[in-house]
Every structure is written in structure tokens, then in C-alpha cells.
Amino acid sequence: MATFSRHDGVLYCEEVSLEAIAATHGTPTYLYSRSAIETAFLDYRSALSDMPHLICYAVKANSNLAILNVLAQLGAGFDVVSIGELERVVAAGGDPGKVVFSGVGKTPAEMQRALDLEIKCFNIESEAELLSLAALASASGRVAPISIRVNPNVDAGTHPYISTGLRENKFGVDVALARQLYQMADEHAALNPVGVDCHIGSQIEEVAPFVQSLECLLDLIHDLRTLGIRLHHIDLGGGLGVHYQAETPPSIHDYAAVLKARLKDQDLELVLEPGRSIVAEAGALITEVLYLKPTLDKHFAIVDAAMNDLLRPALYSAWQDIQPVRLRDGESRVWDVVGPICETSDFLGKDRAMVLSPGDLLSIMGAGAYGFGMASNYNTRPRVAEVMVQGEATHLIGQRESLSDLWQREVIPTGDES
Ligand SMILES: *Cc1c(COP(=O)(O)O)cnc(C)c1O
């Protein structure tokens, strides 16, 4: 069954109308289909069922505890990029033994906590970081499992802000340096080289860049074998694209099948770190039209959601489908859907043909990934409610912030303190 469908002109997620969600929880509200998240995760699993693998959901795509818990219950691993994300995984019931820790700037405190929790692997991005981890592990009598993040220098063909696998990007190290770092790690008593990884970018719409990266990592693995260093897993990162507009990314199944075909006789565990492809299409953001403002040049539909709630359009000029929750008859006009924030970049969609009236509800589709997670309080706007839909049921999984939440951490100095 489709995650979103229309009945009598009204948009539903699973078996719940978006009107009902707005009536109960107000607007703006993010909603996520539980079954869509489970289906995407299980698509990865089934495509790889007869080879050793671990799907480490990239927490930054959507880090709500309820979503992490759904995935943890299915046996997911997790890719984290901060200690905050690691603590979220633990709070959600995830297994630290299935966590890989990525990121170019892990602090000593973060690495120490991850060592204590005995995570699966540290994805190391520089020589300095490797040495820092080695010192911490030695001092605490532990052995750190490591992988070197290789920058395979492939063009993922995606937006420059989310492309990470080119030599000019800050991520990973080149193959020659990776080889040296593996030799250092192999000789260090507190380091255990267990895998190799890369992550070349996000919203990638072709299989070819992934295959190029896979070949690059396999060459390195074979090279290391001749030096007596045997790695157990190969981690290709995340990055599989989703359908926002006219994109035709490979399906999860086809993508994973290509990787499996190449790896089947390699005696390696395949680790993947998908984020967007698990949650993007499961989510939507409901917003209400406040005012219609036709002008000589443009017609603006001013809505109650804004760039602080959903940053992707402002940040990457990303296009997300916008659907009226209830279709109405009348004359369609072309609208720019904009928020109340004092920035010209505060738009959610431009040039959208719709029949609109004030008070109408709109649903911004494909909002499950990099939506709530990138939300801010800019313009002193509370972060919105989050709801999980499961069949006919809805669960509030994230409370709308109250205004007092927004300044409770702030202090006015009294002047008589020194
Ligand atoms: C962001 C990120 C991911 C997830 O990318 P998606 O495009 O959401 O699949 C995976 N691994 C690393 C290291 C990342 O930074």
C-alpha cells in the first residue's frame, strides 16, 4: 500500500487523514509512517540476506528516539557523528556494539565514551585522529576497532554541499595515506584495524559512483592482505538518493543487489550507512496557509512553517513536492510557498500551481530526512510536533516546544555577581 494516498480528495498517511493529525496536534507538524520506515530498512536487509551485512542507519537523517527504536527493534546498527547521537542510540534501545562512529572532528571525550560503550568501529578520518584515539585506548587499557575513511576521489554527481568523496573535500584520506595508516594501526597494540569505509555524498542517483568507490576499497583491501593486514568489513557509507521530483534513483533493492554481486566471494561483511533512503519518503510536514498575497510579479502563499522548520529548500534550493491536504475546486494559480521568517531565502517551494484559500492545509512531502533534524529556533520559533503514524493509530513522538523552553537556558546577569 502506498504510504500517502487520497480518499475523497483528502490526503492520508497510511490510514490516518492529515486533517485529523492537524486537528489533534496543530500545525506545523511533522509526521512519519512507521511502515514506510520499516519497509525501506527491510528492503536493504532482504537484498543482502544471504551475505554478511549490517545496515547502520545514519542517525543524523532523523534522530527522533521513536524512529531509532523502530529500527533498533529490527536489528539495525547505527552510524553516528557525535556523542549526542551515540547517547540517543543508547536511550532508544540500540546496541552500541552495532554502532560505527564517523566524522572528522571527534573530540577525546567523545572517543572515550565510545570506547567505554565498546562500539563496533571508529571510522577514522585523519592521522591526527588515529593517534589521539590510540593514546586514549592505551591509557584506558582498551583496543579500539578502527576503519580508515578513504576518499576515493569519485564525483557523486550531487549538490556540492552534500558531495564528500572528491579530493578537495574535508572528508577521509587518500588511498596512499590510508595504506600507511593501516600499517601504523596494525603495529599499535591499542588499535585493531577491522574495516575500511567511505561515504561519497548524499542524494546520489546513479549506481556507478558507488561501484567505483567499491572497486577502490577492494583494491586497498587486497593490497593490505599482501602486507598481512586482513580487514573484516567494507563500509560503503550512505548516500542513496530518493525521489523528490524527477529523480530516478535506483531502488534500494537494485542498489544493494549490485553491491552483493560484486562482493559475494570476498569473505567480507558489507556495512552500509543509509539515512535519507530509509526515512525521507516516510515523512511529511503539515502546514497551514495563513495569508494569500498576490503581487504584480508573484503570488505568495504565506504558511505557518518556515525555513527554521525545514531548511533544505533554503540551504540547497532543494525541491520538495507540496500537496494541498484537501483538493478544492476553483482556479489554479501559481504560488511561491513562503514562511514568516525575515529572510528572502525563507521559501518552501516556488512556482507551485494550486487552488488555495487561507486556512488550507498543505503537506510538504519527502520531509522525513534532514527535516526536523536541521530545525532551529531562528526567529524564536518553537520546534514543531512530531507524530508517528501506524495503521489507524498516531503517536506523538516529539512534543512541540513551548515558548519558555526557548529561553530557559538563558540568564540575565543581575550585576551584583562577580
Ligand atoms: C550523512 C552521512 C550518511 C548518510 O547519508 P544519506 O545520504 O542520508 O544516506 C552516512 N554516512 C556518513 C559518514 C554521513 O556523513
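To be clear, the structure that these remarks concern was listed above.
Residues numbered from 1 in each chain as written. Predicted model: local features only at pLDDT ≥ 70, side-chain atom pairs only at ≥ 80, totals over all residues. Heavy atoms only, no water.

With that settled, consider the packing of helix α2 (residues 34–47) against helix α9 (residues 252–263). Here α2 crosses α9 at 30 degrees, and the two axes come no closer than 8 Å. When the interaxial angle is binned, α2 and α9 end up roughly parallel. You can see that α2 and α9 cross each other, and the crossing is right-handed. Contacts between α2 and α9 involve Ala40, Asp43, Tyr44, Ser46 and Ala47 on the former and, on the latter, Ile252, His253, Tyr255, Ala256 and Lys260. (Axes fitted to C-alpha atoms, helices over the stretch in contact; angles between N-to-C directions. Helix = DSSP H or I, 4+ residues; strand = E, 2+ residues; numbered from the N terminus. Parallel < 35°, antiparallel > 145°, perpendicular 65-115°, else oblique. Left-handed = near helix turned anticlockwise from the far one by under 90°. Contact = heavy atoms within 4.5 Å.)

Let us now look at the site of the ligand. The ligand sits among 14 residues. The nearest are Lys60, Ser202, Glu273, Arg276 and Tyr370. With respect to the ligand, the side chain of Asp79 contributes an N or O atom lying 3.1 Å from a nitrogen atom. Side-chain polar atom of Tyr370 to an oxygen atom of the ligand: 2.6 Å apart, as the coordinates give it. With the chains in place, 93% of the 390 Å² that the ligand exposes on its own is no longer accessible. Of the residues assigned to the shell around the ligand, the class counts are three nonpolar, six polar and five charged. (Near = heavy atom within 4 Å. Polar contact = N/O pair within 3.5 Å; in protein donor to acceptor, adjacent residues only side chain to side chain. Areas by Shrake-Rupley, 256 points an atom, 1.4 Å probe, with all protein chains shown as cover. Nonpolar A, V, L, I, M, F, W, Y, C, P; charged D, E, K, R; others polar.)

For the rest of this paragraph, the subject is helix α5 (residues 108–116). Residues of α5 that are buried include every one of Glu110, Met111, Ala114 and Leu115, and no others. One side of α5 holds all its buried residues, which, seen down the axis, span an arc of 135 degrees. Where α5 is buried, its residues contact α4 (83–91), β7 (99–101), β8 (121–124), α6 (127–139) and β9 (144–149). (Buried < 20%, exposed > 50% of the residue type's maximum accessible area, 1.4 Å probe, protein only. Arc of directions from axis to C-beta.)

On to the layout of surface pockets. Approximately 490 Å³ is the volume attributed to the largest pocket. Taken together, 30 residues line the largest pocket, and the ones lying closest to its centre are Lys60, Thr164, Phe171, His199 and Tyr370. Where the lining of the largest pocket is concerned, the elements lending two or more residues are α10 (276–279) and α11 (312–316). Residue composition of the lining of the largest pocket, by class: 12 nonpolar, 10 polar and eight charged. Counting contributing residues, the lining of the largest pocket receives three or more from each of domain 1 (4–32 + 280–407) and domain 2 (34–277). (1 Å grid on protein atoms, 1.4 Å probe; cavity = no way out; pocket = protein on both sides within 12 Å on 5 of 7 lines; lining within 4 Å. Points joined across faces, edges and corners; volume = space filled by probe spheres on them. Domains from an automatic or database assignment.)

Okay, the sheet that holds strand β12 (residues 269–272) next. Pairing is parallel around the closed barrel formed by eight strands, whose spatial order is β5-β6-β7-β8-β9-β10-β11-β12. Strand-to-strand, the axes of this sheet are offset by a mean angle of 30 degrees, without reference to chain direction. Taken together, the three bridges between strand β11 (residues 233–235) and β12 define a ladder with parallel strand orientation. By the bridge assignment for β12, His233 is matched with Glu269. (Pairing = 2+ DSSP bridges.)

The next subject is the pattern of salt bridges. Throughout the structure, instances matching the rule amount to 18 salt bridges. Between Glu129 and Lys106 there is a salt bridge, with its nearest N and O atoms 2.4 Å apart. Here the residue Glu129 occupies a position in helix α6, and Lys106 occupies one in the loop between β7 and α5, the gap between them amounting to 23 residues. Residue classification places Glu129 among the buried positions, given a relative accessible area of 7%. Across the pair Asp116 and Arg142 runs a salt bridge, and its minimum N-O distance is 3.3 Å. Taken together, the residues Asp116 in helix α5 and Arg142 in the loop between α6 and β9 connect sequence positions 26 residues apart. With relative accessibility at 38%, the residue Asp116 sits in the partly exposed group. (Salt bridge = Lys/Arg side-chain N within 4 Å of Asp/Glu carboxyl O.)

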